[in-house]
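The lines below spell out each chain.
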Amino acid sequence: MDALLIPAARLQNLVRDIFQSAGCPADEAERIALYLVKANLAGHDSHGVVRVQRYIQMKNDGLIHAGREATVVVDTPVIAVVDGQFGFGQTVAPRAVEIGIAKCKAMGLSAVALRNAGHIGRVADWAEMAAVEGLVSVHFVNAAGSVLVAPFGSFERRFSTAPYCVGVPVHDGEPVVLDFATSLVAEGKVLVASQGGKPIPGDALIGPDGRRSDDAALLYGDYRSTGKRDIKAGNGALRTFGDHKGSGLALMCELLGGALTGNACATPGRPFANGMLSIYIDPKVLDPEGMFPPEVARYLDFVKGAKAAPPATETLLPGEPEARTRVRRLAEGVPLPAETWELLLQTASSVGLEVQR
Ligand code: NAD
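All right, on to empty space enclosed by the protein then. The full count for this structure, using the stated rule, is three cavities of 30 Å³ or more. In this structure, the largest cavity spans a volume of roughly 50 Å³. Taken together, V49, V50, V52, Q53, Q195, T340, L343, L344 and T347 form the lining of the largest cavity. Taken together, the residues of the lining of the largest cavity sort by class into five nonpolar, four polar and no charged. By volume, the second largest cavity amounts to about 40 Å³.

On to the environment of M58, then. Position of M58 relative to the elements: it lies in helix 3 (residues 52–60). Put simply, M58 and S137 are 79 residues apart on the chain and 30 Å apart in space, counted from C-alpha to C-alpha. Apart from the residues within four sequence positions on either side, M58 is in contact with L63, I64 and F272.

Turning to the pairing of strand 5 (residues 136–144), a few remarks are in order. When a strand is regular, its side chains alternate between the sheet's two faces. Most of strand 5 sits out of view: nine of its nine residues are buried. Burial of the side chains of strand 5 extends over both faces: V136, V138, F140, N142 and A144 are buried on one face and S137, H139, V141 and A143 on the other. Relative to strand 12 (residues 273–281), strand 5 runs antiparallel, the two being bridged by nine bridges. Looking at the pairing, A143 lines up with N274 of strand 12. Note: strand 5 against strand 7 (residues 163–168), four bridges, orientation antiparallel. Each residue of the ladder has a partner; that of H139, found in strand 7, is C165.

Rules used in this analysis
- Residues numbered from 1 in each chain as written.
- Predicted model: local features only at pLDDT ≥ 70, side-chain atom pairs only at ≥ 80, totals over all residues.
- Heavy atoms only, no water.
- 1 Å grid on protein atoms, 1.4 Å probe; cavity = no way out; pocket = protein on both sides within 12 Å on 5 of 7 lines; lining within 4 Å.
- Points joined across faces, edges and corners; volume = space filled by probe spheres on them.
- Nonpolar A, V, L, I, M, F, W, Y, C, P; charged D, E, K, R; others polar.
- Helix = DSSP H or I, 4+ residues; strand = E, 2+ residues; numbered from the N terminus.
- Contact = heavy atoms within 4.5 Å.
- Buried < 20%, exposed > 50% of the residue type's maximum accessible area, 1.4 Å probe, protein only.
- Pairing = 2+ DSSP bridges.

This is the structure we're talking about:
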């Protein structure tokens, strides 16, 4: 199907109206729309408006609750445990990050465990929030109930796509934010590819015969090109990136983001919940002599100055591809496969919203 170019503001207003019509408070609907469209603007369509139908479905199924606020269940000067109570991730995750930032600013260091959060989307959003305040942050994330990824050496699903993210503030510049799923691609990228969007790499999935493949049926079984995807229907799995190394990092995201937070590791039969262990460091406390900002600037220049090897045309830093895509998409509009746009309109009418095509 062809891609359409939708202006970001139009997309954001539509998504806001959908969630408000579905019963979310106005400020929550606004936040969900903001973060989903931000993901599209960053080029991560897997975490953008393609999720709307799924979020509404989860809400209708009682797996996620509109207007539900997080509660703080452990509170020390440097540690908080925040229970998202199955509220929307776009509500409970920024609350957990705000708490981490406040504690870190007071103490120089903090750790916040978020559990039972609805889908928290693009983890970079939370590292960017900390970086704006001048803080370094590290995030280990898992998704209980979402068992999609095979450990190295197997084809059987054991891990969630368990993202890992690090944000480093840059004096007078954009922060460096490394943010990726430990699976070779995020599940949403398989979803987008199965809807006619950007194809996934040919070795992103693995079947019971050990064969590496890009066939979305290994995740979704026999799916129709329109309609819902059942992530439990396939008999294969996503692969981790980087063989045993990515598999090891995925395990650590499960143990820290899942077990240590009290969220639970990826386990079949559990409800979906994101867990996130976040560690915040204030460089101004750790580095009173102020050596960190100039050293970061010097080193980033050195790294960026590395000559490109074809097919690359330049050396990029983590966060740069997203920043460039944002500039382009803000100017040109967000490209959406026609099916994704159609599903969005169908979801809008399912919550009683009349939309002009
Ligand atoms: P990806 O494979 O596109 O990797 C993105 C990272 O690599 C970014 O930091 C980006 O800046 C960097 N990068 C990309 N190209 C680069 C280049 N040429 N040079 C230097 N750096 C480069 O991302 P992904 O694994 O598909 O993850 C997509 C998103 O999905 C992430 O935002 C992640 O947080 C999110 N996610 C969320 C969940 C959840 O449960 N909430 C689960 C999985 C993934």
